[in-house]
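Close look at the chain arrangement
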Amino acid sequence: MLKNLIILSAFYLLLSCNNTKNMKPLFFEIKDNWQLIQESKSKIYPAKVPGSVHMDLLANKVIEDPYYRTNEKKQQWIDKEDWSYVTEFDVNDEILKREFVELDFKGLDTYADVYLNDSLILKADNMFREWNVECKNHLKQGKNKIKIFFHSPVKIGLEKLALNSYPLPAGNDQSENGEMGDKRVSPFTRKAPYHYGWDWGPRFVTTGIWRPIYVKAWSNLKINNIQFVQTKISDKEALLKANLLIQSDGKQQVKIVIINKETGNELASKNQTIDKGENSFGLNFTIKNPKLWWTNGLGEQHLYEIETKVLINGKVSDIQSQKIGLRTLKLVQNPDKYGKSFYFELNGVPVFMKGANHIPNDIFLSRATPEVYEHEIKTAAESNMNMLRVWGGGIYEDDKFYELCDQYGILVWQDFMFACSMYPGNEQFIESVRMEAKDNIIRLRNHPSIALWCGNNEIDVAWSEYSEGGWGWKELYNEEQHKEIWANYEKLFHKLLPEMIEKYDSSRAYWPSSPMAGPKEKASYSTTSGDMHYWGVWHGKEPFSEFKNKRARFMSEYGFQSFPEFNTVKKYTIPEDYNIESEVMAAHQRSGIGNLRIKEYMSWDYKEPKDFEHFLYVGQVLQAEGIKSAIEAHRRDMPYCMGTLYWQINDCWPVASWSSMDYYGNWKALQYYVKKAYSDILISPDLLGDTLKVYVISDRLEKVKSKLFINVYDFSGKVVFEKQIETELEPNSSKVYFTITKKELLNNKNAEDLLLQASVLVNNEIVNSNILHFVPIKDLNLKKANINLSVEEIEDGLKITLSTNQFAKNVFLSFDNLTGFFSDNYFDLLPGKPVVVNYSTKENLSGIKDKLKIISLFDSYK
């Protein structure tokens, strides 16, 4: 009898084990019924996850809008508190049938103790990590309670600062605004540095569950990761290798099948014996007649969707699908007669990089929705960009950001999240960074858009170990401290991070710091290798004309500030704040020199605007003209210079900053200018002394038959000089196509009454046009223009046709309190040359025509 019971028990045990075989993984998100607890007061509020403490307090009307007026000051108490998030989630029998159940925390900000049914299962300490915890032994069928206790990040930061025995430099840490005196704690915590403040951002040291939490249940095996490595490519075929990581509960036979989902064709299959634990192996496959992935403007951004299945006994046990792009890409740094090149070669073609620096789209990251990302990356593509730099003081961006960059053909210069500070080098910190780097390299490496991994932002040039200068940091420390700090730097950026790239993404280049000239060579405004951050304009108060003189192999930062448009400013101010030196306007300007620096530069080139609203408008035009001059100088200088990334495309809150789009996504004048300056064919007239040279820069990869028009007009539209040139534009080049003296152009007329317009005609279409003035804009003899309008309703908006009897400089169109987009704005309007602008909006068009506002530069005069 006992023997029969044992046999029967063994049978049912075997049956139970077999029933767990071939069970597909299950997963669900824990997102409902969260509560936020203020631990010091036991106050409980409904909460939203993903999110943050600040956003939950705002939703519960505990605090007012953090971005409104000076509310930031009133909310610095939040980061001094400990907070908890609590909820319950259901676990059913289907989940518990699986052999393994994990909690997958995509992002915890930052010091978090996680309890599952009152058992501590995780202590997290890095915002940039993903945390996976096996938890089946702590689960029960039915309701399960999860509590995440978040320690105050600044309190722990203070503890770490005290343990370090000396502070570390972190000039952008606005500790004074955070009521912490000079105690700058940001370098000690692996958290987004900009949360502690920056010279364009507020100080909100956030806490919360900033990315989703999933329950994942599996039996038998699961695919941990697949890396697709392109080993060889030609017109006929692409050879690839899939490097698989498969987790198994025991030794077993599996079959791996790789399928092209677009065609349904099987690309490869393999029978494999896998052992208990993590298994690593490769599977080679071929794609015939491959379609290449190109950057925006050079070709198609073709993406292959590759599906990988793992089967046991003919049944799918796990499956993953990923999109990949086929291309070759390398950073070329070859010695030349000037120094050493620095350019990206895509599919065998040297490509001039046109783009901007990207910062996080919000302080409170849950508000950066897919729609926000779509607007930003679509803006970049429509502005003819092909690269964005994910700057090292923010975050490793959301998956959606990189998916959109893949889709729109935008390469990504990817910084690791270190900026403008020195960092500790203790074992715990280094190990945390090691895992952070591993998580993010593995997460991002299959994206064709990832072009480069960069160790940090501006630390090499700030410390300046091998030369004089720098930012004065190293002079703050004694010899022993100096050696220790630099050794920690070397450990992070010259040892750990390059080792991680070599191990997990060896096909991509690593650049230790931006800017940098080379090994043991600090970048300067005269170095002839590496990349450059040029801040002589703005911080150095140098004129815009210096953009022509500061030559870089790759200009990865430069910029100039402006205010948002008046409609945006009204969202965070009241009328008594309408003065650039008011407390509120100063609070929304984080560069200490900012508002008065804009005013000073404006005085050099523009007449003083008559009021606050027009000051904002002229400020945007000033920024646009300055950065336009830089972009054109960089593009004219190719192939010596092979990249220009201005600072910055976006904002994280409503503020005066270097951005080309404001926080709400409104294009500033600069964004409209950038779209034209980054055109694949650019005509750029350059006046040096008494000589005008007309350059044409073409990014196209073939010769282009074209006609160039160089005309000088007076402000009534009368032609003073005209020249037509039929020519063939050289591919992928910058070249002078016409040279003439200023005297010949002016034809004895007053320079103050004239403008030069240069245009390129291709296939009977003007593809680019540019205007040059012979004197500073403030010296132009502008007159009141009578601008005529024709407005008609079209699908989803208006078609606006404008014409004028007098030259109208920087025509600006706007609607008060309406959301929409003008296809062009801040443009110059010439007599006899009508301009058509489309306005797209989802709002009711009834009566909208009468609300259109038009101003030009003349209207800003007193």
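Scope of this entry: the structure provided in the associated data block. Not measured: the values here are computed from a predicted model.

Next up on the list: the nonpolar core. Among the nonpolar cores identified, the biggest contains 184 residues, and Phe416, Phe418, Tyr646 and Phe774 are the most heavily contacted of them. With eleven residues, the single largest contributor to this core is helix H14 (residues 612-636).

Turning next to the packing of aromatic side chains. Centre-to-centre distance and the angle between the planes together describe a pair of aromatic rings. All chains considered together, the criterion is met by 67 aromatic pairs. Seen from their ring centres, Trp200 and Trp647 are 6.5 Å apart, and the 40° between their planes marks the pair as tilted. Taken together, the residues Trp200 in the loop between helix H5 (153-164) and strand E11 (208-209) and Trp647 in the loop between strand E30 (643-646) and helix H15 (669-677) connect sequence positions 447 residues apart. For Trp647, a relative accessible area of 5% puts it in the buried group. Put simply, the rings of Tyr525, Tyr534, Trp535, Trp538, Phe544, Phe547, Tyr558, Phe560, Tyr601, Trp604 and Trp658 touch in pairs and so form one group of aromatic residues. Stacked on the ring of Tyr664, the Lys or Arg Lys571 has its end atom at 4.0 Å from the ring centre.

Strand order in this open sheet of three strands is E31-E32-E35, and the pairing throughout is antiparallel. Two strands close off the open sheet at either side, each with one partner strand: strand E31 (681-688) and strand E35 (733-741). Shown here is a sheet whose adjacent strand axes are inclined to one another by a mean of 20°, direction ignored. Across eight bridges, E31 lies against strand E32 (residues 691-698) in antiparallel orientation.

Turning to the state of the cysteines, a few remarks are in order. Under the definition given, this model contains zero disulfides. Here Cys405 stays unpaired: no disulfide links it, and the sulfur of Cys454, its closest cysteine neighbor, is 17 Å away. With relative accessibility at 0%, the residue Cys405 sits in the buried group. With no disulfide of its own, Cys641 has Cys454 as its nearest cysteine by sulfur position, at a separation of 17 Å.

A few words on the packing of helix H8 (residues 427-444) against helix H10 (residues 479-504). Contact pair H8 / H10: the axes reach a minimum separation of 10 Å and the direction vectors enclose 35°. The chirality of how H8 crosses H10 is right-handed. Residues Phe429, Ile430, Val433, Arg434, Ala437, Lys438, Ile441 and Ile442 of H8 lie in contact with H10, whose contacting residues are Lys491, Leu492, Leu496, Leu497, Met500, Ile501 and Tyr504. Along the lines of polarity and charge, the residues of the contact of H8 with H10 split into twelve nonpolar, no polar and three charged.

Moving on: unusual backbone geometry. Here the bond from Val49 into Pro50 is cis, since omega is -5°, no more than 30 degrees from zero. Relative to the helices and strands, Pro50 is located in the loop between strand E3 (43-47) and helix H2 (53-59). Even without a glycine there, the phi angle at Asn289 is positive, about 45°. Along the chain, the position of Asn289 falls in the loop between strand E17 (277-288) and strand E18 (304-312). The phi dihedral of Asn810 falls on the positive side, at around 55°, and the residue is not glycine.

This next bit is on the pattern of salt bridges. Tallying each qualifying case throughout the model produces 54 salt bridges. Its salt-bridge partner being Lys73, residue Glu583 comes within 3.0 Å of it at the nearest N-O pair. One end of the pair, Glu583, is in helix H12 (residues 583-587); the other, Lys73, is in helix H3 (residues 71-74), with 510 residues separating them in the sequence. Neither residue differs from the other here; Glu583 and Lys73 are each classed as exposed. In this structure, Arg190 engages Glu436 in a salt bridge whose closest nitrogen and oxygen atoms are separated by 2.8 Å. You can see Arg190 sitting in the loop between H5 and E11 and its partner Glu436 sitting in helix H8, a full 246 residues away along the chain. For the pair shown, Arg190 and Glu436 are each scored as buried. Each of the salt bridges in this network shares a partner with another, and the network as a whole consists of Lys548, Lys628, Glu632, Arg636 and Asp686.

Between H14 and H15, the least distance of the axes is 8 Å, while the angle of their chain directions is 25°. Regarding the angle of H14 to H15, the classification is roughly parallel. The chirality of how H14 crosses H15 is right-handed. Contacts between H14 and H15 pair Gln620, Val621, Gln623, Ala624, Glu625, Ile627, Lys628, Ile631 and Arg635 from the former with Ala669, Leu670, Tyr673, Val674 and Ala677 from the latter.

Basis of the calculations
Residues numbered from 1 in each chain as written. Predicted model: local features only at pLDDT ≥ 70, side-chain atom pairs only at ≥ 80, totals over all residues. Heavy atoms only, no water. Core = buried A, V, L, I, M, F, W, Y, C linked by side-chain atoms within 4.5 Å. Buried < 20%, exposed > 50% of the residue type's maximum accessible area, 1.4 Å probe, protein only. Helix = DSSP H or I, 4+ residues; strand = E, 2+ residues; numbered from the N terminus. Phe/Tyr/Trp six-rings, centres within 6.5 Å; stacked < 30°, edge-to-face > 60°. Lys NZ or Arg CZ within 6 Å of the ring centre and 35° of its normal. Pairing = 2+ DSSP bridges. Axes fitted to C-alpha atoms, helices over the stretch in contact; angles between N-to-C directions. Disulfide = S-S within 2.5 Å. Left-handed = near helix turned anticlockwise from the far one by under 90°. Contact = heavy atoms within 4.5 Å. Nonpolar A, V, L, I, M, F, W, Y, C, P; charged D, E, K, R; others polar. Salt bridge = Lys/Arg side-chain N within 4 Å of Asp/Glu carboxyl O. Parallel < 35°, antiparallel > 145°, perpendicular 65-115°, else oblique.

Honestly, that's just the spatial picture; any functional story needs more than this.
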